[in-house]
Amino acid sequence: MVQFYDHIISDLLEEPAAGGGLVVLSSGLGLHKLIACLLRLHHPSEGTLLILSASPSQKQSILTSLNPNPNSEITNLPSEITSDLPAHQRLSLYSSGNAFFITARILIVDLLTRRLPTSAVAGIVLLNAHSLSETCTEAFIVRILRSSNKNLYVRAFCDRPHAMVSGFAKAERTLKCLFLRKLHLWPRFQVYVSEDLERDPPEVVDIRVPMSGYMVGIQKAVIEVMDACLKEMRKTNKVDVEDLTVENGLFKSFDEIVRRQLDPIWHTLGKKTKQLVSDLKTLRKLLDYLVRYDAVTYLKYLDSLRASESFRSVWIFAESSYKIFEYAKKRVYHFGRSNGETLTSPAKSVKSKRRKLDDSNKDKEDNTQTMNANSRVILEEVLEEAPKWKVLREILEEIEADREKQEGTSSDECVVEDNGIVLVACKDEHSCVQLEECITNDPNKVMRGEWEKYLLSKVQLHALPKRNKKKPQNPKGFGVLDGTVTISPSKGIESSSSNIVLQENDALLAAATEISKQTVKVIESVDEPAVNNGRKKRNPKGKIKNKSDASVGKETETKKIETLTSRESVLKKHVEKPSNGKKIPPVHYYAYESGQHVFDVLKPSAIVVYHPDIAFVREIEVYKAENPLKKVKVYFLFYEDSTEVQKFEASIRRENGAFESLIRQKSMMMLPVDQVAHGLGLNSAIDTESPSKQNSVTRKAGGQKGATKEMQVIVDMREFMSSLPNVLHQKGMNIIPVTLEVGDYILSPMICVERKSIQDLFGSFASGRLFHQAEMMVRYYQIPVLLIEFSQDKSFSFQSSSEISDDVTPHNIISKLSLLVLHFPRLRIVWSRSLHATAEIFASLKLNQDEPDEAKATRVGVPSEEGIIEDDVRAENYNTSAVEFLRRLPGVTDSNYRAIMDGCTSLADLALMPVERLAELMGGQKSAKTLRDFLDAKYPTLL
């Protein structure tokens, strides 16, 4: 263990009265090892230790650090408390004094239902503190535990410093919501950290690999297009201009920054601005994928973008965008004529001509002659390999050669045991698999395989059924009244260029057909020895003379594709270079996205950083500091003058800038002296009374204060995924978590609320779930409420006023809401601007209402063993089927059907009611006579 871990832990344990602290350290400094050290210091006599907000990879890393040897059995390892465990078993675990991983949702429910004795909890360890907020469930848990257990300590950790400076006073707000006063900052440039990591650093070899000419051209074109999109974004005057730089655009957080600024005014933006936000994300991926993936995979991604975004994207129509597609294509194949010319422009200048519409046959003959003149085209495979592949192979060969030299000149010196594994680090699993194929096989074969997959995907796309577009037989409009059409030069050029594109697609399909034929022949030759039914004969060379029925079926299946070979397209094969056959050491390929920490398991002596990452570099430094006697050699592979280098260097500057900002914030923080008491004092019901209730009585005799009644809200268990129960508790309401079959919140015996966020509302309409939920609420409760809750940082609008149409359309959200209200007239819709506004609305709705009954609310909608629904409020008063039947009778409308139900007890009573009584109930003689005539009409009989 490195020494600066001791300093971090001693700072946390220095002042027990402070109740813990928030630790922010640089990414890659081994947060999982720091947590493991804290867990080793915990003793069961202190009480139970709960670990919150840990991701699955973090859990696995912490357990691996506590028990490096999987064969050994350690009894005090932290286990996980899940919802599958029964309540009594969870209670025994809470009282055991051990450490447990637990989710916030399970813990808050156990706290509110008093299944967890708060005095048994010694402390809480919170990971990923950058994701916490004032309304999160973790803050809810800390507030409840702090109110009843003053000795509780809270230790929060974060290894993403740039996320702690996003927004206004993020670190200060995090400290306040966790009732903490101590902020501990541990950047890479901290004295203790730098001393430990730089005392015996690893040997570093920095290799700058030059990009190919086409890669340089693509990168330059993408940056130009990104810069053009950023300039268009600056014209809106609604985004912070300082953040709109190409350097910031290289990071994933750039999309979040721009979207966070535009969300409150999103409904006022035009389609172009909204599309620019999406385009910037796409361009960032294009820069990242250029240095990450091979040429064929990159071209395939561009083809998918062209198919999916060609009609709505802004960046595709930028000036330099065509270079991206052109250079990416040239990295894979070249397309031209057999005489060496390239098909990039029309062969002849097209003059303006006037042609009769009746001369269609002549036009076809001219086109046929032109096609015959240019019919022999060549599709030459290039299949440009990634420049890093060759360098990686040379590095591995160099490592193996150095080891052989060291073994030959070994001395009696004490050398640390080396397992010979070389660790190659990449960003994703796809890169790991591809690199392994390149090293074990041949890069040319890998590129050939990707190329064949690309061509076969073209065949599959071509085989899909296409819609028949109806074209007008006779053109209409001015200029064709005399039967002639004028062809302008631009139209001629477009037709010629489209002809070139058609020839190129035909050549690709022809090449794909050849590959599919070869695949069929290989399969047939493999199946031949096993099946010899007399229909196939093989010569000594293994060639098939007679085709089988299967091959004939295959020919029939690809009949349309084979017709493309009639244009005499020539496919030049990519020459495969034989490998040199040199030895390479055992290699382990590691992906950053897996989130695993493999250094302590593999213990490599040579590390190749194929895709540079700042967090992984720090992990290497920590690994070398923990093993000072081990020789570690690190190879960094950078593309020279690429955005890969720029992004790596910018990430270091961004992290240092984040820590400098946090240091300044720490010196100016305004935290209460008694943070815990100050925070918990805001929960009284007196402070949360609505203004209308406070102003209802302006004079109280003798200054006496009436006893306030504690408000209760019954909340469904599933609602604890949201932050609303936390806000309701802050307002002084007593939260009762139960499992509800009908509704999400029960405010009173009559009021049931179904809460929907905007995203959930759209999904509920699409699935039909909202109709069923509204039907159940209307059946069981007198005042059913649909609460539509917006986010505070987003626009308080579904859509702009210009997008609202006068007609009812099945895809419009306003139309769907209108139909819902028409179908359920008693359903009330409440709009809420934010979580805090919802809490105020709930407090207003509960005025002059009785408190809800927990036992009755849990039985609503749950059938008994006999199949009879208990306490069915609607079934006691009305028969739902009879009401639906009544509303469909002639003369019965939405305005009079309630009066009819109040005036008669059943449909049989209605049938015997005289016209005069019906007129009183239905509000008119005409409606009453219409209903009476319908009821008295004779039923026709068959003779």
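Treat the numbers as computed from the prediction; the structure is a model and nothing was measured. (Residues numbered from 1 in each chain as written. Predicted model: local features only at pLDDT ≥ 70, side-chain atom pairs only at ≥ 80, totals over all residues. Heavy atoms only, no water.)

J.: It is not clear to me how the overall build of the protein chain should be interpreted in this structure. Could you clarify?
T.: Within the protein chain, the regular secondary structure consists of 38 helices and 23 strands. The buried share of the protein chain, reckoned over its 943 residues, is 45%. Of all intrachain contacts in the protein chain linking residues separated by at least 6 positions in sequence, the fraction that spans at least 24 positions is 76%. As displayed, the protein chain has an accessible area near 51300 Å², and 53% of this comes from carbon and sulfur atoms. (Helix = DSSP H or I, 4+ residues; strand = E, 2+ residues; numbered from the N terminus. Buried < 20%, exposed > 50% of the residue type's maximum accessible area, 1.4 Å probe, protein only. Contact = heavy atoms within 4.5 Å. Areas by Shrake-Rupley, 256 points an atom, 1.4 Å probe, with all protein chains shown as cover.)

J.: For this particular structure, what's the right way to read the sheet that holds strand 12 (residues 422-426)?
T.: Backbone-to-backbone hydrogen bonds join strands into a sheet, with any given pair of strands oriented parallel or antiparallel. Taken in spatial order, the five strands line up as 8-17-16-12-15 in an open sheet, and their pairing is parallel. Of all the strands in the sheet, the pair left with one neighbour each is strand 8 (203-209) and strand 15 (587-591). Pairwise comparison of adjacent strand axes, ignoring direction, gives a mean angle of 20° for this sheet. Here strand 16 (residues 606-609) pairs with strand 17 (residues 633-639) via four bridges, running parallel. Paired with Ile-607 across the bridge in strand 17 is Val-634. Seen against the sheet, helix 17 (residues 429-440) touches strand 12 and strand 15 and runs at an angle of roughly 160° to strand 15. Across the sheet, helix 23 (residues 614-626) touches strand 12, strand 15, strand 16 and strand 17, and the angle it forms with strand 16 is around 170°. (Pairing = 2+ DSSP bridges. Axes fitted to C-alpha atoms, helices over the stretch in contact; angles between N-to-C directions.)

J.: Whenever I open this one, the confidence of the model for the protein chain confuses me. Can you help?
T.: Do not read the fine detail of predicted coordinates wherever pLDDT is low. Chain-level pLDDT for the protein chain is 77 on average; 73% of the residues reach the 70-or-more range. In this model residues 344-375 is a low-confidence stretch, pLDDT under 50, and it forms 35 contacts with partners more than four residues away in sequence or in other chains. Long-range and interchain partners of residues 529-578, a stretch whose pLDDT sits below 50, account for 67 contacts in this model, where long-range means more than four residues apart. (pLDDT = per-residue confidence, 0-100.)

J.: Hey, could you run me through helix 1 (residues 4-14) in this one?
T.: Two residues of an α-helix separated by three or four positions point the same way, owing to the 3.6 residues in each turn. Considered for burial, the residues of helix 1 that qualify are Phe-4, Tyr-5, Ile-8, Ile-9 and Leu-12. Buried residues along helix 1 cover an arc of 145° about the axis, so they all sit on one side. Packed against the buried residues of helix 1 are strand 1 (20-25), helix 2 (31-41), strand 6 (153-158), strand 7 (183-186), helix 8 (191-198) and helix 23. (Arc of directions from axis to C-beta.)

J.: Help me understand the sheet that holds strand 23 (residues 828-832), please; the structure alone is not making it clear to me.
T.: Taken together, six strands build an open sheet; the order of strands is 19-18-20-21-22-23 and the sheet is mixed. Here the strands that pair on one side only, and so sit at the sheet edges, are strand 19 (734-738) and strand 23. Pairing between strand 18 (residues 712-716) and strand 20 (residues 745-746): two bridges, direction antiparallel. Looking at the pairing, Ile-714 lines up with Ile-746 of strand 20. Against the sheet, helix 29 (residues 769-780) engages strand 21 (751-757) and strand 22 (783-789), with an angle of about 165° to strand 21.

J.: I keep staring at the packing of helix 37 (residues 915-922) against helix 38 (residues 925-936) and nothing clicks. Help me out?
T.: As a packed pair, helix 37 and helix 38 sit with axes 8 Å apart at the nearest point and diverge in direction by 125°. Here helix 37 is positioned oblique relative to helix 38, judged by the angle of their axes. For the pair helix 37 and helix 38, the sense of crossing is right-handed. For the pair helix 37 and helix 38, the contacting residues are Val-915, Leu-918, Ala-919 and Met-922 in the first and Gln-925, Ser-927, Ala-928, Leu-931 and Arg-932 in the second. Here the contact of helix 37 with helix 38 is built from residues that sort into six nonpolar, two polar and one charged. (Parallel < 35°, antiparallel > 145°, perpendicular 65-115°, else oblique. Left-handed = near helix turned anticlockwise from the far one by under 90°. Nonpolar A, V, L, I, M, F, W, Y, C, P; charged D, E, K, R; others polar.)

J.: Would you mind going over the nonpolar core with me for this structure?
T.: Counting residues in hydrophobic clusters, the biggest one holds 79 residues, and the most contacted among them are Met-233, Tyr-298, Trp-315 and Trp-451. One finds Ala-104, Leu-112, Leu-116 and Ile-751 within the second-largest nonpolar core, a separate group that totals 66 residues. (Core = buried A, V, L, I, M, F, W, Y, C linked by side-chain atoms within 4.5 Å.)

J.: Please explain the environment of Cys-229 as it appears in this structure.
T.: If you trace the backbone, Cys-229 turns up in helix 9 (residues 213-234). When its relative accessible area of 3% is taken as the criterion, Cys-229 is described as buried. A sequence separation of 50 residues divides Cys-229 from Asp-279, and the C-alpha atoms of the two residues are 7.9 Å apart.

J.: Can you walk me through the pairing of strand 21 in this structure?
T.: Every other side chain in a regular strand lies on the same face of the sheet, so the side chains alternate between the two faces. Summarising burial for strand 21: six of the seven residues are buried, a large majority. Sheet analysis places strand 20 next to strand 21, joined by two bridges and oriented antiparallel. Bridge assignment links Ile-746 to a residue of strand 21, and that residue is Cys-752. Counting the residues in the hairpin turn of strand 20 and strand 21 gives four residues. As judged from the seven bridges shared by strand 21 and strand 22, these two strands associate in the parallel manner. For Lys-756, the partnering residue across the bridge sits in strand 22 and is Ile-788.

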